[in-house]
Amino acid sequence: MLDSVRFRLTLWYTAVLTLVLIVLSLITYFIFWRSTLQRTDVNLSELSEAFLTTLDAEVKDQSGPDSFELAGRVAITEHRFRDHVFAIFDESGKIVVSSQDVPPAAPATGSFAAGALSAHSFQRFLEASSRTERLFGNVKGGEDGYRGFARHFSSDGKTYILVILQSLHPQEEMLEEVTSTFAWVIPIAIVLASVGGYFLARKSLAPVVAMSRQAGRIGAVNLHERLAVQNDKDELGHLARSFNSLLDRLSQSFERQQRFMADASHELRTPVAILRGEAEVALSQQSRSPEEYRESLGVLHQEAERLTHIVEDLFTLTRADAGQYPLQPRDFYLDELVAECVHSARTLVLAKKISLNFEEACESPIQADESLLRRMILNLLDNAIKYTAEGGRVTVTCSRAGEEYALSIMDTGGGIPADLQPRIFERFFRADKARSRAENDGGGAGLGLSISRWIAEAHHGRLELTRSDSIGSTFTAYLPARQSSAA
Ligand code: ADP
């Protein structure tokens, strides 16, 4: 059950709500208690004022030795309420007159104060009041204790202390009522809120559940299906869109993989078929002349080489895709490497009577993977020679343009049709498949340019077809010129 987000959300929500309600009720209780106390204190203070006014008037009316005591009794009789105890003490703390000395007006009123004035806690309060002009404090006794107020006053040149005690029983009763109200309101609120919270969580998570069901149904066969986006502005819409774009990327890469596999097997099928056919022809006759066997072996060798070449290219691309082709950079001179490549390509041009020129450049120190760059240059040279007719010209230049080297291979071939130019760097793409194969023994599989482009990019450079029309094509590789120790 704890594994369900709905349940966990409800649990969290209920826990937080419980905490909030408890804190709120504690605060409410405290505020209520404080305001009750303040009201009691104000009431006691006002009562003392009224009592002293009455006492003052009575003192003036009375005469004789016990006039003050008599006046006190009259004032107490006038101001006595059910929950109050009045007492007047002289300076030495001796009681002059108190509510207990005055017969109660109603039978219930006198009893509550019995013993209150003699209690230990009251004596302490009285002691404390003698040190200060006015004092509020709590005194133990009765059902729930008393709130006490003591103030000094003088009459006939003598100083007295008036003490009024008010029972805290009504306040305590009220506070108890508040507490008991909280005690049943809070649990009911929590139960209602958690039930509501559970349904709310269920409703909010319903689209997620629907999405996960939909996502669960999407597989390799129906990779084109997408999640329904209810509201593309909210978080769930955002999630659905992110998931859909992930599916887009996956299906694109899946399609690429499928195309790659189909193209690769198609490319491999031709040399394998030639190998098989040639071997079958060679084996079909009882005896053949050594020349015929030689010829067959020559074809087999040529196709095997072609197969090796394709497999190597495929392997390179697969490792490059997986980011597992480690570059082995070292310092060398790019112009020297180009010169070497041009030199090794001379054998290719001789047969076709093509002139191959390398316009010597200034020293070009570079830090790069030499064997990969050699492969790229040979690929470009091979293409330029392959697609240039007899008697044509291939020119190689290498120059520095700002922070990079520009290595261009120009030919005077027939060019690439404009509509096919954007596709020539695609894997297995050949502008004219029939011609590529027929005119060139061991023609490429259409992987040369994609590998070359990857090599340039792996060196933080780029490879572009800078020009191609009916009088020839130019491929330019831009490679970053780094300061190196060879420089
Ligand atoms: P391939 O192994 O077929 O040469 P590439 O990837 O090297 O494969 O080249 C892809 C296609 O681009 C070639 O089949 C060819 O049609 C075209 N191409 C490449 N270089 C040239 C060029 N210098 N002149 C004309 N066409 C070219």
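Above: the structure in question.
These lines cover the structure that appears in this document, whether it is placed above or below. (Residues numbered from 1 in each chain as written. Predicted model: local features only at pLDDT ≥ 70, side-chain atom pairs only at ≥ 80, totals over all residues. Heavy atoms only, no water.)

### Quick notes on the overall build of the protein chain
Argument step 1. For the protein chain, the helix and strand inventory stands at 10 helices and 12 strands.
Argument step 2. Relative to the compact-globule value of 23 Å for 487 residues, the protein chain shows a C-alpha radius of gyration of 53 Å, a clear excess of over 25%.
Argument step 3. Seen along its three principal axes, the alpha-carbon backbone of the protein chain occupies a region of about 165 × 55 × 35 Å.
Argument step 4. The buried share of the protein chain, taken over its 487 residues, is 37%.
Argument step 5. Across the protein chain, every contact between residues at least 6 apart in sequence was considered, and the portion connecting residues at least 24 apart equals 64%.
Argument step 6. For the protein chain, the exposed area adds up to about 28400 Å²; of that, 57% sits on carbon and sulfur atoms.
Argument step 7. Within the protein chain, one finds 51 positive and 63 negative side-chain charges whose respective centroids are separated by 5 Å. (Helix = DSSP H or I, 4+ residues; strand = E, 2+ residues; numbered from the N terminus. Rg over C-alpha atoms; globule rule 2.2 N^0.38 Å. Buried < 20%, exposed > 50% of the residue type's maximum accessible area, 1.4 Å probe, protein only. Contact = heavy atoms within 4.5 Å. Areas by Shrake-Rupley, 256 points an atom, 1.4 Å probe, with all protein chains shown as cover. Lys, Arg positive; Asp, Glu negative; His and termini not counted. Charge placed at Lys NZ, Arg CZ, Asp CG, Glu CD.)

### Observations concerning the sheet that holds strand E1 (residues 84-90)
The strands making up a sheet associate through hydrogen bonds between their backbones, and the pairing can be parallel or antiparallel.
Argument step 1. One open sheet accounts for 5 strands, arranged E2-E1-E5-E4-E3; its pairing is antiparallel. The open sheet is flanked by strand E2 (95-98) and strand E3 (134-139), the only strands paired with a single partner. Shown here is a sheet whose adjacent strand axes are inclined to one another by a mean of 25 degrees, direction ignored.
Argument step 2. Pairing between E1 and strand E5 (residues 158-167): 7 bridges, direction antiparallel. In the sheet register, His 84 faces E5, and the bridge partner there is Gln 166.
Argument step 3. Against the sheet, helix H2 (residues 67-79) touches E1, E2, strand E4 (146-155) and E5, its axis set at about 30 degrees to E2.
Argument step 4. Sheet contacts for helix H3 (residues 120-130): E1, E3, E4 and E5; angle to E3, the most-contacted strand, approximately 165 degrees. (Pairing = 2+ DSSP bridges. Axes fitted to C-alpha atoms, helices over the stretch in contact; angles between N-to-C directions.)

### Here we look at the packing of aromatic side chains
Argument step 1. Under the counting rule described, the total for this entry stands at 12 aromatic pairs.
Argument step 2. With a centroid separation of 5.9 Å and 35 degrees between ring planes, the pair formed by Phe 30 and Trp 33 is classed as tilted. Of the two residues, Phe 30 and Trp 33 are both situated in helix H1 (residues 5-61); the distance of 3 residues between them amounts to about one turn of the helix.
Argument step 3. Relative to Phe 199, the ring of Tyr 198 lies with its centre 6.0 Å away and its plane at 80 degrees, an arrangement referred to as edge-to-face.
Argument step 4. Taking the relative accessible area as the measure of exposure, Tyr 198 reaches 31% and is therefore partly exposed.
Argument step 5. An aromatic cluster is built from Phe 68, Phe 153 and Tyr 160, whose rings are joined through pairwise contacts.
Argument step 6. The side chain of Arg 319 reaches across the aromatic face of Tyr 325, ending 4.7 Å from its centre.
Argument step 7. Just above the ring of Tyr 478 sits the side chain of Arg 462; from NZ or CZ to the centre is 4.2 Å. (Phe/Tyr/Trp six-rings, centres within 6.5 Å; stacked < 30°, edge-to-face > 60°. Lys NZ or Arg CZ within 6 Å of the ring centre and 35° of its normal.)

### Things to note about the packing of helix H4 (residues 169-217) against helix H5 (residues 235-284)
Argument step 1. Here H4 crosses H5 at 10 degrees, and the two axes come no closer than 11 Å. One element, H4, and the other, H5, form an angle in the roughly parallel class. Along the contact surface, H4 presents Ser 204, Pro 207, Val 208, Met 211 and Ala 215, while H5 presents Leu 236, Leu 239, Ala 240 and Phe 243. (Parallel < 35°, antiparallel > 145°, perpendicular 65-115°, else oblique.)

### Looking at the site of the ligand
Argument step 1. Near the ligand lie 20 residues; those nearest to it are Asn 383, Asp 411, Ala 431, Gly 444 and Leu 449.
Argument step 2. Here an oxygen atom of the ligand and a side-chain polar atom of Tyr 387 are 3.0 Å apart.
Argument step 3. At 2.9 Å from a nitrogen atom of the ligand is found a side-chain nitrogen or oxygen belonging to Asp 411.
Argument step 4. Considering the ligand on its own, with 530 Å² of exposed area, one finds that the protein chains cover 98% of that surface.
Argument step 5. Put simply, the parts of the chain that give the shell around the ligand at least two residues each are helix H8 (370-386), helix H10 (448-458) and strand E12 (472-480).
Argument step 6. Among the residues making up the shell around the ligand, the classes are represented as 10 nonpolar, 6 polar and 4 charged. (Near = heavy atom within 4 Å. Polar contact = N/O pair within 3.5 Å; in protein donor to acceptor, adjacent residues only side chain to side chain. Nonpolar A, V, L, I, M, F, W, Y, C, P; charged D, E, K, R; others polar.)

### Digging into a nonpolar patch on the surface
Argument step 1. On the surface, Leu 19, Val 23, Ile 27, Tyr 29, Phe 30, Ile 31 and Trp 33 cluster together into a nonpolar patch covering about 660 Å² of accessible area.
Argument step 2. Turning to its location among the elements, Leu 19 is positioned in helix H1.
Argument step 3. By relative accessible area, Leu 19 is classed as exposed at 59%. (Patch = residues over 30% accessible without salt bridge, like charges linked within 9 Å, V, L, I, M, F, W, Y side chains within 5 Å. Salt bridge = Lys/Arg side-chain N within 4 Å of Asp/Glu carboxyl O.)

### Regarding the nonpolar core
In globular proteins that are soluble, nonpolar side chains generally tend to be buried together.
Argument step 1. Among the nonpolar cores identified, the biggest contains 53 residues, and Leu 334, Leu 373, Met 376, Leu 381 and Val 396 are the most heavily contacted of them.
Argument step 2. When residues of this core are assigned to their parent elements, the largest contribution, 8 residues, is made by H8.
Argument step 3. Summarising the domain contributions, this core has at least three residues from each of domain 2 (235-321) and domain 3 (330-480).
Argument step 4. Those residues in contact with Leu 381 that sit more than four places away from it in its chain are Cys 341, Val 342, Ala 345, Leu 356, Val 394, Val 396 and Ile 409. (Core = buried A, V, L, I, M, F, W, Y, C linked by side-chain atoms within 4.5 Å. Domains from an automatic or database assignment.)

### Digging into the pairing of strand E11 (residues 462-469)
Argument step 1. Alignment of E11 against E12, held across 7 bridges, turns out to be antiparallel. Following the sheet pairing, Glu 464 is matched in E12 by Thr 476.
Argument step 2. Hairpin connection of E11 to E12: 2 residues between the antiparallel strands.

### Some remarks on a negative patch on the surface
Argument step 1. Judged by side-chain charge, Glu 143, Asp 144, Glu 173, Glu 176 and Glu 177 come together as a negatively charged surface patch.
Argument step 2. Position of Glu 176 relative to the elements: it lies in helix H4.

### Examining H3
Argument step 1. Among all positions in H3, only Ser 121, Phe 122, Phe 125, Leu 126 and Ser 129 are buried. Projected down its long axis, H3 shows its buried positions confined to an angular sector of 140 degrees, all on one face. Turned more than 90 degrees off the buried face of H3, the exposed positions are His 120 and Glu 127.
Argument step 2. For H3, the elements touching its buried residues are E1, E3, E4 and E5. (Arc of directions from axis to C-beta.)

### Topic: unusual backbone geometry
Argument step 1. With a phi angle near 55 degrees, Asp 156 is a residue other than glycine that sits in the positive phi range.
Argument step 2. Looking at the element boundaries, Asp 156 is found in the loop between E4 and E5.
Argument step 3. With a phi angle near 65 degrees, His 460 is a residue other than glycine that sits in the positive phi range.
Argument step 4. On the secondary structure map, His 460 appears in the loop between H10 and E11.
Argument step 5. Overall, the relative accessible area of 63% leaves His 460 in the exposed class.

Keep in mind these numbers describe shape, not what the thing actually does.
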